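# Fold and geometry: a report
Chain by chain, the residues:
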Amino acid sequence: MINWRKSRFRSIFSFCSLGILLSAFLSCSGDPFENSIYSEAPEIGLYQDYIQSNPGLPQEGIAPILTKGAEKGIITKSGLEFKDSNGNGKLDPYEDWRLAPTERAENLVSLMTVDQKLGLFSLDSKSGNTYMTKADDGTYLYDIQGLNADGSVEEEINKKISRAKMFIDDHIRYTAIHFDMDPMDQVKYANNLQGLAERLELGIPVMHAADPDQDAYGFNEQTKSRVTLMPFYMGLGAADDLSITKTFGEVVSSEFRMTGVHMILGPICDLATEPRYARIQHSIHATADVTAKHIGVLIKGLQGGNELTPNGVAAVMKHFPGSGAIEEGMDSHTAAGQYNVYPGGNFEEHLKPFIAAIDAGVAGVMSSYSIIDVDEYKDIENGKAVDEGAAFSTKLMKDLLRDELGFTGMSTSDWNIDSSAPWGHEDIASTPELFAMFFNAGVSQFGGKDRMIFWREAYEKGLMNDEDIDREAIRLLELPFKLGLFENPYVDVSEAETFWDPDGDALKKRVAFGEEAMKQAMVMAKNDESDSSAPLLPVKANDDYYVEVMDTNGNGMIDVYFDSFLPDCDSGQSKTKAVASDKLYLGTNFVSSISDADILVVRTNARGGTYFGTLGGTPLSWEAPIYVWDHDNQVYTDEEVPVNTEVGQYRGGMTSWVFNDWSQVTGTDGRGTGYKSYLSGFDAKAQVDRALAAKVANPDLKVIVGITLTRPVIVSDFVDKIDGLLFDFAATDQAFLDVVFWQDGDAPGGTLPVEIPSSDASVEAQDEDVPGDSENPTFKIGYGLTYSSLGGY
C-alpha cells in the first residue's frame, strides 16, 4: 500500500538512521514481524495526507467529512510507526501491526460498545454513484449521502436510511458496491468513505464488497468500469487450465483493490448438476473433483496466497452447502423454488468444493437461501425434522460447517433473507426474532441492508448473548486486519490512474489475458468436412485449397455473413467486429446479405433461466412453455406460467424482463404471473431459424452456429442441419471470430463442463444433484473437438 504522508518521519530521520533504529529494535526486542502480517514496516495512510497529496479533489465532498470526529495521528515506538486509530496518544494492541490479526481484533472488540459490534452484522448493499451528487459540469463530488456541510446527519433520504447514518450512527463497516462507474470516481468515493471512518471514534475502516462482475456477456468493448472482460466462471471449468484460473483470480483481485474493494462475494462453489438453474454459468463444472481443484487455486489467486494477505481480497465462498441441486432448476429467491433436493443421494459431493475452499484458507462463507432436503442435516424440533433455509439451520451452519469441516472465518447470509426468503420461518419475517434465529444458528451477518434496528432489538430482548456477539465481531474484524486496512485503507490515486489507463500497458495486458481466457474456454462440438482434408473450421480464407473447396459462388473468395446477437454487430453494420483487413480475417469478404454468402456464421445464446421467479422450471429449449410445479405432489400441472416477452435493459439489453407486476414475483408467498429471465436468449430461435431457412434456399451454404452457454441448450432439433457448432462461456464477438478464423493460431481450447441434453423431457427426468445423468445426451461432459485433431492444422 502507498503512503501519501508528507514524509514527516523521513524529514526527521534519514534512511540510514531508520535502519540503525530498526536494527536496535530488532536486537533489543526480537523480530517485530514474527506474528505480523507484514514482512517489513508498513507505510501508514492518513486521510489528511491523502487530501494534501491530491489537491484537485472537490472540497464539497471533503469538507463535511472534516467536521466529523477528529484528525488521527502517528505513534512512533522503537523507531516504528503506528496509526493512532482511536486518537488517545498511546499504542493500543489493536493499533500494533506487529501483533497477529486475531489478537488485534480481540483487543478492539474489548474496546467497542454493543452498538459498534452490532454494526458489523449488516452488509449493506448500495452502489456508490447512486448516492453521490454532481457538480454543474457533471463531475462527481464524492460526497457521503446524508452528511451535510455543517457535519449534521440526515437519517433518511427518500424514506431510506442515508449513507451517513449507516456509517456514523449505525456503525456499518461492511458495504457492497457495484462496478457501474468510472474506476477513478469509485476510487475517490471509496477513499472519502474511508476518511470518514478513520475520523470516527475507533477508526475502524470500511470493508467494501462486490459480486463477481467481470464476464464478457453482452459486451464487445470494455464498459465504463474498465474491468477486464473474461469468461463466466464456467469457462474456467471448460478451459480446465489451473494457470488460467490462478491468473483469473489475480486479475480480479488486483482490479478490486484498485477500486477500493476488499471482498468478493464469491466464488460460487455450487456444482453445475442441474442444467435449468439460472446461475449455472457462474458455477465452474458439474463434477465435484474438477470444481474443487479450481476453487482451491482460484481462492489462492484472489486472496494473494495460501491465506488472506494485504495483496489480496477476502473471498466468500457461496452458497453453502450448495445451490446447484435446486429443485426443477427453479430459484430459491421465491417460495416455489425453495428446496434443494438430492434424489441421487449426492449431497456429499456438493460439499467437496467448499472443503477445497476451506483448505485454501477462504475468508468467508455465504449461506444458501434454500431448504436442504436431506433429513440428516435438518434441525429437529418436537421430534420432527424442520424444513428451513440453510441460514437458519444449526445443523448446517454450526455442526457441519464449523465443527465437522473446521471453518473459522466470517459468515454472511444471502441477500434480504429477512423479507424475501425466510423459508420455514415466514411467520416471523423481518423481526428481531428472525435475526436472532439465524445469528444463533451460526450466520453472523445479514446481507443486503442496514438492519441495525432489528439487531438492537434482538439484543435488548435478550435473544443474543455477549459472548456470541464478541466471537462473531472478532471474526468480522480479522479481515480488515489481515488486509492491512487499519494501517492504510486508501487507494493511491496516481497509482490507480496508471493501473486504469486505457492506453497503458497494465490494462492492455489484462485485456489480452481476458480475451485469451475466452478463447481457451470455447468448445467445438461439430465440424463437418467437405472432403477429407478440408474441414469447415477453422475458416482459412487466405488458403487457396480451402477457397477452392468452399467457394460455392465461384468468385474466387470466401464470402461470409456474420449474424451477431449483439445489437448492430452483424457484418456490414456499424458496430461489427467482422472486418477484413491486414490484421483481421485476411482474405475474407464479409457481405451484408446472407444470400451472398458462402459461409454463414451465427452467434447466439442459450435461453435464460428464471431468477426471482417462477412457479416451475424453465426448459432449455427456446420456446417450450413453463408449467407450474406442484412440490407437494411432485408433479407438473397443466397450468402454464404466463410470459411477457418484452426485452428489458440489463447487461446491454440481453435480459428479458418477463413479468407483469414485480410485486407479484417477489415476496414470501412465491406466487407470481411471470419472472425475470436471467441472461436471456430472447431472439436465439429466430436467428437459428433464419440460418436454416437460408440453407434450404442455398444447400451449398455452410452454416456455423456459436452459442453462449448461459445455460445448456437443446440443439438436437437442428444440429444435424448445420455444418459447425461452437459453444462459448461469454466472449466478445472478436474473440469468437478470432477462433472461427484461426487468427494468429487462436483455436477452441475447451471441453464441456456440463452435458448438452437431447430434450427437455430428458432434463426433467434427470436428478438435480447428479452430474451428466440425462438420457442420451447430445454431447457429454468432457466432449470437445480441436483443430489439431482434424489434421493439417
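This text gives an overview of the structure that appears in the document. No experiment lies behind these values; they were computed from the predicted model shown. (Residues numbered from 1 in each chain as written. Predicted model: local features only at pLDDT ≥ 70, side-chain atom pairs only at ≥ 80, totals over all residues. Heavy atoms only, no water.)

## Quick look at the pairing of strand 27 (residues 724-728)
Counted only if it meets this: We call a residue buried when its accessible area falls under 20% of the maximum for its residue type, exposed when it is over 50%, and partly exposed in between, using a 1.4 Å probe and counting protein chains only. Each helix is a run of DSSP H or I of at least 4 residues and each strand a run of E of at least 2, with the numbering of both proceeding from the N terminus. Following DSSP output, two strands are said to pair if at least two bridges run between them.
Counting buried positions along strand 27 gives five out of five residues, so the element sits mostly inside the fold. The pairing of strand 17 (residues 523-527) with strand 27 spans four bridges and is antiparallel. Residue Val-523 lies in a different strand from strand 27, and its bridge partner there is Phe-727. Where strand 26 (residues 702-708) and strand 27 come together, five bridges link them in parallel fashion. Its bridge partner being in strand 27, Ile-707 is matched across the sheet by Phe-727.

## Some words on the side chain of Ser-370
Going by this rule: In what follows, a contact means two residues having at least one pair of non-hydrogen atoms within 4.5 Å.
Following the sequence through the fold, Ser-370 ends up in the loop between strand 11 (364-367) and strand 12 (371-372). Once residues within four sequence positions are removed from consideration, Ser-370 is found in contact with Ser-323, Ile-326, Ser-332, Gln-338, Asn-340, Glu-388, Gly-389 and Ala-390.

## Comments concerning the sheet that holds strand 17
Convention followed: Here an angle of 0 to 180 degrees is reported between the N-to-C directions of two axes, which are lines fitted to C-alpha atoms, with helices fitted over the stretch in contact.
The six strands are arranged 17-27-26-20-18-19 in an open sheet whose pairing can be described as mixed. On the outer flanks of this sheet lie strand 17 and strand 19 (588-590), each paired with one strand and no other. Neighbouring strand axes in the sheet, compared pairwise and without regard to direction, differ in orientation by 20° on average. With five bridges joining them, strand 18 (residues 558-564) and strand 20 (residues 599-605) adopt parallel strand pairing. Residue Phe-562 lies in a different strand from strand 20, and its bridge partner there is Val-601.

## Points about the packing of helix 12 (residues 288-303) against helix 13 (residues 347-359)
Threshold: Geometric relationships in this document are graded by angle, where less than 35 degrees denotes roughly parallel, more than 145 denotes roughly antiparallel, 65 to 115 denotes roughly perpendicular, and other angles denote oblique. In this scheme the handedness of a crossing depends on how the near helix is turned from the far one: anticlockwise by less than a right angle means left-handed, clockwise means right-handed. For this classification, the nonpolar set comprises Ala, Val, Leu, Ile, Met, Phe, Trp, Tyr, Cys and Pro, the charged set comprises Asp, Glu, Lys and Arg, and every other residue, Gly included, is treated as polar.
Running from N to C, helix 12 and helix 13 point in directions that differ by 20°, and their axes come no closer than 8 Å. By the criterion of interaxial angle, the relationship of helix 12 to helix 13 is roughly parallel. The element helix 12 and its partner helix 13 pack so that their crossing is right-handed. Seen from helix 12, the contacting residues are Ala-288, Asp-289, Thr-291, Ala-292, Ile-295, Gly-296 and Ile-299; seen from helix 13, they are Glu-349, Lys-352, Pro-353, Ala-356 and Ala-357. Broken down by class, the residue content of the contact of helix 12 with helix 13 amounts to seven nonpolar, two polar and three charged.

## Observations regarding the packing of aromatic side chains
The condition is simple: Any two rings among Phe, Tyr and Trp, with Trp reduced to its six-membered ring, count as a pair given centres within 6.5 Å; such a pair is stacked if its planes are under 30 degrees apart, edge-to-face if over 60, and tilted if neither. By definition, being over a ring means that NZ of Lys or CZ of Arg is both within 6 Å of the ring centre and within 35 degrees of the ring normal.
Under the definition given, this model contains 32 aromatic pairs. Ring centres of Tyr-50 and Tyr-490 lie 5.8 Å apart, and the angle between their planes is 5°; this geometry places the pair in the stacked category. One end of the pair, Tyr-50, is in helix 3 (residues 47-53); the other, Tyr-490, is in the loop between helix 17 (466-482) and helix 18 (493-499), and 440 residues separate them in sequence. Ring plane angle 40° and centroid distance 5.1 Å describe the contact between Phe-435 and Phe-446, whose orientation is recorded as tilted. Of this pair, Phe-435 sits in helix 15 (residues 432-441) while Phe-446 is found in strand 16 (residues 445-448), placing the two residues eleven residues apart along the sequence. Take Phe-435: its relative accessible area is 0%, and that puts it in the buried class. Three or more aromatic residues joined by ring pairs make a cluster, and in this case those are Phe-121, Phe-392, Phe-435, Phe-438, Phe-439, Phe-446, Phe-454 and Trp-455. The residue whose ring lies beneath Arg-510 is Phe-499, and the NZ or CZ to ring-centre distance is 3.7 Å.

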